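Next come the chains, spelled out residue by residue.
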Amino acid sequence: MKVFVTIQNKEIPVFADSLNKKTLKLLKTALDKKVQTGRRTLKKCLQTLISIEVVGCEAILHSLNEKDSLALSLY
């Protein structure tokens, strides 16, 4: 399944096997919070974010540079 979320005025595709409203809301809340209060590494990943993959209770943030990709817990 593929859905788009808006982060920092960019449309980012979110891929998951099954995505419900609760998971999508948790993802959006976590990303908005990290944009404001995240550390430098996380902010760098969010600036170059190209896609997000949701696996279970984690979101894998894929960035342009493979080294900057991170896993973010949703719970």
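My aim in this report is to walk through the structure given alongside it, one point at a time.

Analysis parameters
- Residues numbered from 1 in each chain as written.
- Predicted model: local features only at pLDDT ≥ 70, side-chain atom pairs only at ≥ 80, totals over all residues.
- Heavy atoms only, no water.
- Pairing = 2+ DSSP bridges.
- Helix = DSSP H or I, 4+ residues; strand = E, 2+ residues; numbered from the N terminus.
- Axes fitted to C-alpha atoms, helices over the stretch in contact; angles between N-to-C directions.
- Contact = heavy atoms within 4.5 Å.
- Core = buried A, V, L, I, M, F, W, Y, C linked by side-chain atoms within 4.5 Å.
- Buried < 20%, exposed > 50% of the residue type's maximum accessible area, 1.4 Å probe, protein only.
- Expected span 1.5 Å × (residues − 1).
- Arc of directions from axis to C-beta.

## Considering the sheet that holds strand β5 (residues 70–73)
To summarise the sheet geometry, strands pair through backbone hydrogen bonds and adopt either a parallel or an antiparallel arrangement.
Part 1 of the reasoning: Spatially, the 5 strands line up as an open sheet ordered β1-β2-β3-β4-β5, and their pairing is mixed. Each having just a single partner strand, β1 (2–7) and β5 make up the two edges of the open sheet. Strand-to-strand twist across the sheet, computed as the mean angle between neighbouring axes with direction ignored, equals 30 degrees.
Part 2 of the reasoning: Examined bridge by bridge, β1 and strand β2 (residues 10–15) share 6 bridges and lie antiparallel to one another. Bridging across to β2, Lys2 finds its partner in Phe15.
Part 3 of the reasoning: Helix α1 (residues 21–37) rests against β1, β2, β3 (49–55), β4 (58–63) and β5 of the sheet, and its axis sits at about 30 degrees to β1.
Part 4 of the reasoning: Across the sheet, helix α2 (residues 40–47) lies against β2, β3, β4 and β5, angled at about 65 degrees from β4, the strand it touches most.

## A closer look at the nonpolar core
Part 1 of the reasoning: Among the nonpolar cores identified, the biggest contains 19 residues, and Leu27, Leu31, Ile52 and Leu61 are the most heavily contacted of them.
Part 2 of the reasoning: At the level of elements, β1, β2, α1, α2, β3 and β4 are the ones that each hand at least two residues to this core.
Part 3 of the reasoning: Setting aside residues no more than four positions away along its own chain, Leu27 makes contact with Val14, Ile52, Val54, Ala59 and Leu74.

## Points about α1
Part 1 of the reasoning: Under the 1.5 Å per step criterion, the end-to-end length of α1 is 24 Å for 17 residues, consistent within 8% with the ideal 24 Å.
Part 2 of the reasoning: All of the buried residues along α1 are Thr23, Leu27, Ala30 and Leu31. For α1, the angular spread of buried residues about the axis comes to 95 degrees, placing them on one side. Exposed positions of α1 whose direction lies more than 90 degrees from the buried face are Lys21, Lys22, Lys25, Lys33, Gln36 and Thr37.
Part 3 of the reasoning: Buried residues along α1 sit against β1, β2, α2, β3, β4 and β5.

As far as function goes, none of this settles anything; it's purely spatial.
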